[in-house]
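One-letter residues, chain by chain:
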Amino acid sequence: MTAIKKRLSAILQQIRDAEQQACRPKGSVKLLAVSKTWPAERLRQLAEAGQLAFGENYLQEALDKIVQLDDLSLEWHFIGPIQSNKTRDIARHFQWVHSIDRLKIAQRLNDQREPGAAPLNICIQINIDEEDTKSGIAADELNALVTAILPLRQLKLRGLMIIPAYHDTDEQQQRQSFQKARALFDQLKTLTPDVDTLSMGMSGDMPIAIQEGSTMVRIGTALFGERNRQIT
Ligand SMILES: *Cc1c(COP(=O)(O)O)cnc(C)c1O
C-alpha cells in the first residue's frame, strides 16, 4: 500500500474512534480530502482507495484537476473565498460550496447553476471567533442570510462551515469555537430542519471537532503531508 493510502486508512480509523468515543453513530462524520497544492495523481491514488470527496481552494488549480480526473466520479467541494467573477465556473463544476458568506455570491451561484443540474449544495461560513482576517458572516447575521437563501431553487442549504481561530495549544479555546458553531447549527435546524452538515475540524483539531458535533472534517496535511506553498 502507498504511504498516502496508509494515511487515509489511519485517518478513517481516527474518525471512527472519535465517533465511538463521542457516542455518535458510525459513519456520521464524513471525510473531505483537502487537496489544494497537490497534483491530480495524488488524488487519483486516494480515489482508488475509495476517497471520492475532495476540497479545493483555488479555482484554476481545481478546474485543471477536475479535467484530469474526469474519468472518476469525484465529488468536488469549493472551500476557499469566492470572488464574484469566479461563480460561473464554480456553479458549473462543483457539487458543494462551503464558503458562502454573502447573498450576492449565493444569488450568482443560483442563477448560474445549469437548470437541469442538481441543486448546488452549500454551507454558510461563519466567522465564529470574529477575526478580522477571516471570511464568514457574524453569527447574528445568520438568520437574515438563511431567509434570503432558502428561496433560491438551484441551491440546497446543507449547513454551516467554520474555521476556528488558531489555538495551537489551547484545547479549551478550540472546543469553545466548535461549541459556538454547534449551537448555531442547532438554531439553524429550528429554522430549516433538513440541514445536515456542520463542516468543521482540520488536521490539527479533528477529534475535538468530532466530539463537539462536526459532521464533515476537512483534512489536508494529515492526509497529503505538509504543503510547501503558502496558503492564505
Ligand atoms: C487548507 C484547508 C483545510 C485543511 O487544513 P489542514 O490543516 O491541512 O488539514 C481545511 N479547510 C480549509 C477551509 C482550508 O483552506
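The coordinates are above.
Once a new chain begins, its residue numbering starts again from 1 and follows that chain's sequence as written. Restriction of local features to residues with pLDDT of at least 70 applies here, the model being predicted, together with a cutoff of 80 or more for giving and counting side-chain atom pairs; totals for whole chains, interfaces and linings are based on all residues. Computation of side-chain values: all heavy atoms of the structure, hydrogens and water removed.

(A) Seen up close, the nonpolar core. We call a set of buried Ala, Val, Leu, Ile, Met, Phe, Trp, Tyr and Cys residues a nonpolar core when their side-chain atoms join them within 4.5 Å. For every residue, the accessible area obtained with a 1.4 Å probe (protein chains only) is divided by the maximum for its type, and the residue is called buried under 20%, exposed over 50%, and partly exposed between those limits. With 62 residues, the main nonpolar core has V97, L109, I124, I126, L160 and F224 as its most contacted residues. Those residues in contact with L109 that lie beyond four places of it in its chain are T87, I90, A91, V97, I100, L120 and L155. Membership of the second largest hydrophobic core comes to eight residues, among which are L32, A53, I79 and M161. Residues count as neighbours in contact if any of their non-hydrogen atoms are within 4.5 Å of one another.

(B) Looking closely at the site of the ligand. Near the ligand, the surroundings consist of V34, K36, N57, I79, I163, M202, S203, R218, I219, G220, T221 and R227. Side-chain atoms alone can form a polar contact between residues adjacent in sequence; in general such a contact is a pair of N or O atoms within 3.5 Å, and within protein one must be able to donate a hydrogen while the other accepts it. At 2.6 Å, a side-chain N or O of K36 approaches an oxygen atom of the ligand. For the ligand, an oxygen atom lies 2.8 Å from a polar atom in the side chain of R227. Each accessible area is a Shrake-Rupley result for a 1.4 Å probe, and residues are judged covered by the shown protein chains and nothing else. Expressed as a share of its isolated accessible area of 390 Å², the protein-covered part of the ligand is 89%. A cavity here means a set of points on a 1 Å grid, drawn over the protein atoms and nothing else, where a 1.4 Å probe fits but cannot get out; a pocket is an open set with protein on both sides within 12 Å along at least five of seven lines, and a residue lines either one if it has an atom within 4 Å of a point. Assignment of a molecule to a cavity or pocket requires that more than half of its atoms lie within 2 Å of the corresponding grid points. Among the detected pockets, the ligand sits in the largest pocket. For this scheme, ten residues count as nonpolar: Ala, Val, Leu, Ile, Met, Phe, Trp, Tyr, Cys and Pro. Four count as charged, namely Asp, Glu, Lys and Arg, and the remainder, Gly too, count as polar. When its residues are assigned to classes, the shell around the ligand shows five nonpolar, four polar and three charged. What makes a residue near a molecule or strand is one non-hydrogen atom of that residue sitting within 4 Å of it.

(C) Spatial organisation of the pattern of salt bridges. Only one rule defines a salt bridge in this text: a Lys or Arg side-chain nitrogen within 4 Å of an Asp or Glu carboxyl oxygen. Enumeration according to the criterion identifies 14 salt bridges in this entry. Its salt-bridge partner being E19, residue R16 comes within 3.0 Å of it at the nearest N-O pair. Of the two residues, R16 and E19 are both situated in helix α1 (residues 3–21); the distance of three residues between them amounts to about one turn of the helix. Note that K180 is salt-bridged to D129, the shortest N-O span being 3.2 Å. Residue K180 is located in helix α7 (residues 171–191), and its partner D129 is located in the loop between β5 (120–126) and α6 (142–149); the two are separated by 51 residues in the primary sequence. Each member of the salt-bridge network shares a partner with another, and the members are E56, E61 and K65. Here a helix means four or more residues in a row that DSSP labels H or I, a strand means two or more in a row labelled E, and each is numbered from the N terminus.

(D) Quick look at the pairing of strand β2 (residues 53–56). Alternating positions in β2 separate into two faces, A53 and G55 on one and F54 and E56 on the other, with burial throughout. At least two DSSP bridges between two strands are needed for those strands to be called paired. Of the pairings in the sheet, the one linking strand β1 (residues 30–34) to β2 comprises two bridges and is parallel in character. Across the sheet, A33 pairs through a bridge with F54, a residue of β2. In this structure, β2 lies alongside strand β3 (residues 75–78), joined through four bridges in parallel fashion. In the sheet register, F54 faces β3, and the bridge partner there is W76. Orient the strands so they point away from the viewer; a crossover is then right-handed if the path from the first strand over the helix to the second runs clockwise. At this point the chain moves from β2, through helix α3 (residues 59–68), to the parallel β3, and the crossover so formed is right-handed.

(E) Layout of unusual backbone geometry. One non-glycine residue with positive phi stands out, namely C23, at about 55°. Of note in the backbone geometry, T37 takes a positive phi value of approximately 75° without being a glycine.

(F) Structural view of the environment of E56. Tracing the backbone through its elements, the reader meets E56 in strand β2. In this structure E56 comes out as buried when scored by relative accessible area, which is 0%. Considering only alpha carbons, one finds E56 and T190, 134 residues apart in sequence, at a separation of 30 Å.

(G) Representation of the pairing of strand β8 (residues 216–219) within the structure. Of the two faces of β8, the one carrying M216 and R218 and the one carrying V217 and I219 are both buried. Of the pairings in the sheet, the one linking β1 to β8 comprises four bridges and is parallel in character. Directly across from K30, in β8, lies its bridge partner M216.

By themselves these figures say nothing about function.
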